[in-house]
Amino acid sequence: MLKEQMDKKLEDLKGKASVKILAIESSCDETSVAVVENGRKVLSCVISTQIPIHKRFGGVVPEVASRNHILAVDNVCKQALEEASLTFDDIDAIAVTYGAGLLGALLVGVNYAKGLAYALNKPLLAINHIKGHIASNYISHEKLAPPFTCLLISGGHTAILNVKSYTEFECVGSTVDDAVGEAFDKVARIMGLEYPGGVNIDRLAKQGTANINFAHKNILAGTYNFSFSGIKTAVINYVHNKQQKGEEINIADISASFQTFVVNELSCKTLKAMKDLGSTKLVVAGGVSANSFLKAELTQKCEELGYELFMSELRFCTDNAAMIGSVAYYELLNGLKCADFSLTAKSTLPLNE
Ligand code: KG4
Ligand code: ZN
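These figures come from a predicted structure and were not determined experimentally.

Visitor: When you look at the sheet that holds strand 6 (residues 148–153) in this model, what are you seeing that I'm missing?
Guide: The pairing of strands in a sheet happens through backbone hydrogen bonds and is either parallel or antiparallel. An order of 8-7-6-9-10 is seen for the 5 strands of this open sheet, with the pairing classed as mixed. The sheet terminates laterally at strand 8 (169–174) and strand 10 (308–311), the two strands that pair on one side only. Taken over all neighbouring pairs, the strand axes of this sheet differ in orientation by 25 degrees on average, direction set aside. Bridging between strand 9 (residues 281–285) and strand 10 involves 4 bridges; their strand directions are parallel. Bridging across to strand 10, Val 284 finds its partner in Met 311. Packed onto the sheet, helix 10 (residues 292–305) meets strand 6, strand 9 and strand 10 and runs at close to 160 degrees relative to strand 10.

Visitor: So what exactly am I meant to see when it comes to the nonpolar core here?
Guide: If you look at the biggest cluster of nonpolar residues, it comprises 41 residues, and the most contacted ones within it are Ile 21, Ala 95, Leu 125, Phe 148, Cys 150, Leu 161 and Val 163. If one sorts the elements of this core by residue count, helix 12 (residues 322–333) sits on top with 8 residues. Membership of the second largest hydrophobic core comes to 37 residues, among which are Leu 151, Ala 273, Met 274 and Val 284.

Visitor: What am I meant to see in the packing of aromatic side chains here?
Guide: Given two aromatic rings, one states the distance between the centres and the angle between the planes to describe the pair. All chains considered together, the criterion is met by 9 aromatic pairs. Where Tyr 118 meets Phe 341, the ring centres are 5.6 Å apart and the plane angle is 85 degrees; that geometry is what we call edge-to-face. You can see Tyr 118 sitting in helix 4 (residues 103–120) and its partner Phe 341 sitting in the segment after helix 12, a full 223 residues away along the chain. Among the residues examined, Phe 341 registers a relative accessible area of 45% and is labelled partly exposed. Here the aromatic cluster, defined as three or more aromatic residues joined through ring pairs, consists of Tyr 138, Phe 148, Tyr 166, Tyr 329 and Tyr 330.

Visitor: When you look at the sheet that holds strand 3 (residues 41–49) in this model, what are you seeing that I'm missing?
Guide: Strand order in this open sheet of 5 strands is 3-2-1-4-5, and the pairing throughout is mixed. A strand with exactly one partner marks an edge of an open sheet, and here the two such strands are strand 3 and strand 5 (124–128). Neighbouring strand axes in the sheet, compared pairwise and without regard to direction, differ in orientation by 20 degrees on average. Taken together, the 4 bridges between strand 1 (residues 20–25) and strand 4 (residues 93–99) define a ladder with parallel strand orientation.

Visitor: Quick question: what am I supposed to make of the packing of helix 5 (residues 129–140) against helix 12 here?
Guide: When two helices pack together, their arrangement is given by the angle between the helix axes and the distance between those axes. The contact between helix 5 and helix 12 brings their axes to 7 Å, and the two run at 95 degrees. Compared by their axis directions, helix 5 and helix 12 come out roughly perpendicular. Across the interface between the two elements, His 129, Lys 131, Gly 132, His 133, Ala 135, Ser 136, Tyr 138 and Ile 139 from helix 5 touch Ala 322, Met 323, Ile 324, Ser 326, Val 327, Tyr 330 and Glu 331 from helix 12. Residue composition of the contact of helix 5 with helix 12, grouped by class: 8 nonpolar, 5 polar and 2 charged.

Visitor: Would you explain the coordination of the zinc ion (ligand 2) in this entry?
Guide: Here the zinc ion (ligand 2) is held by the protein donor atoms His 129 (NE2), His 133 (NE2) and Asp 319 (OD), which lie 2.0 to 2.1 Å from it. Viewed at the metal, the 4 donor atoms of the zinc ion (ligand 2) are separated by angles of 96 to 133 degrees, and the geometry they form is tetrahedral. Read in sequence order, the donor residues coordinating the zinc ion (ligand 2) give the pattern H-x3-H-x185-D. In this pair, His 129 sits in helix 5 while Asp 319 sits in the loop between helix 11 (314–317) and helix 12, placing the two residues 190 residues apart along the sequence.

Visitor: Sorry if this is basic, but what is going on with helix 6 (residues 180–190) here?
Guide: Since there are 3.6 residues in each turn of an α-helix, residues three or four apart along the chain are aligned in direction. Considered for burial, the residues of helix 6 that qualify are Val 180, Gly 181, Ala 183, Phe 184, Val 187 and Ala 188. For helix 6, the arc enclosing every buried residue in end-on projection is 160 degrees, short of the 170-degree limit, so these residues lie on one face.

About the criteria used
Residues numbered from 1 in each chain as written. Chains lettered and ligands numbered in written order. Predicted model: local features only at pLDDT ≥ 70, side-chain atom pairs only at ≥ 80, totals over all residues. Heavy atoms only, no water. Pairing = 2+ DSSP bridges. Helix = DSSP H or I, 4+ residues; strand = E, 2+ residues; numbered from the N terminus. Axes fitted to C-alpha atoms, helices over the stretch in contact; angles between N-to-C directions. Contact = heavy atoms within 4.5 Å. Core = buried A, V, L, I, M, F, W, Y, C linked by side-chain atoms within 4.5 Å. Buried < 20%, exposed > 50% of the residue type's maximum accessible area, 1.4 Å probe, protein only. Phe/Tyr/Trp six-rings, centres within 6.5 Å; stacked < 30°, edge-to-face > 60°. Parallel < 35°, antiparallel > 145°, perpendicular 65-115°, else oblique. Nonpolar A, V, L, I, M, F, W, Y, C, P; charged D, E, K, R; others polar. Donors = N, O, S within 2.8 Å, 3.2 Å for Na, K, Ca; no water. Tetrahedral: all angles 85-135°; square planar, octahedral: opposite > 155°, others 65-115°. Arc of directions from axis to C-beta.

The following block contains the structure:
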């Protein structure tokens, strides 16, 4: 079918009472397919994680990830339809993450989605992964609507965003080096903890005391931008130093001290930005929003300040296709055009694309 005819199909969907989107996500180490109705109702969301495969390498190996996406995607898709008690005939459009992420991994989802769209003669929507993380909160909170401030914290991104509408975002601050999840994972690795390290640091920190002051220069104090490579290197040096001297390291105290610093940075800068923006609604998105200490800290601070706080359910914090199906619906309403078969994956993608 011609692209114009596909765009007309998409246009017609705007007036439909029920729009069911089949979404595909494969940007990192989760192969996920979901069916989402009208951007909010998750009819199914199947996530096949490769974490056990990558654990033995201490992190995601891109080529291994791509190969495992290929093995999983078809079955995950079938399962998503089964769990929703639907067939392909019931699906109105196909959505897929086309960036940002690991190129080879993204290509698997993009090509699978192109194949489906072509074979089924359905419109194809190309979706930005980061917008998906923000939208995960629309699934968890029925009444949540923009405008709000979003603290986006994942393995690949760290940013404070001014979310003006479902499809319009402004970056207020971001990391100048490591993403916060990346710093969690690297610090965990140096202590011998399994990948993905964030959740292990979170668990261990509960048994420790934040009594170590890691010597480093906090270069961005007073701005909305973040830097996590200084603290990460300080922890690595601390651990190496102790090991060279043959001294024991207390991984619970290191975890608590590192996490306290990071959470304090995230929370103080976000709340300062909100004050300056005149915003009273905070949405936290991305894998690191699963951190229990951050959740407790922000809950307390927002309560004191009279701010509303939204965090997505644990299963929608990390990578999943339901969030892609959610944002695809709002992009469609906002006039996103159908992607054509020249669509390709992008390892980096500006937020507004
Ligand atoms: O959003 P996500 O699933 O993937 C990306 O798009 O990057 O985030 C994964 C990141 C990993 O770095 C992982 O260690 C971190 O989220 N993470 C956590 C916790 N759970 C996951 N970090 C800190 N505390 C947690 N409880
Ligand atoms: Zn992600």
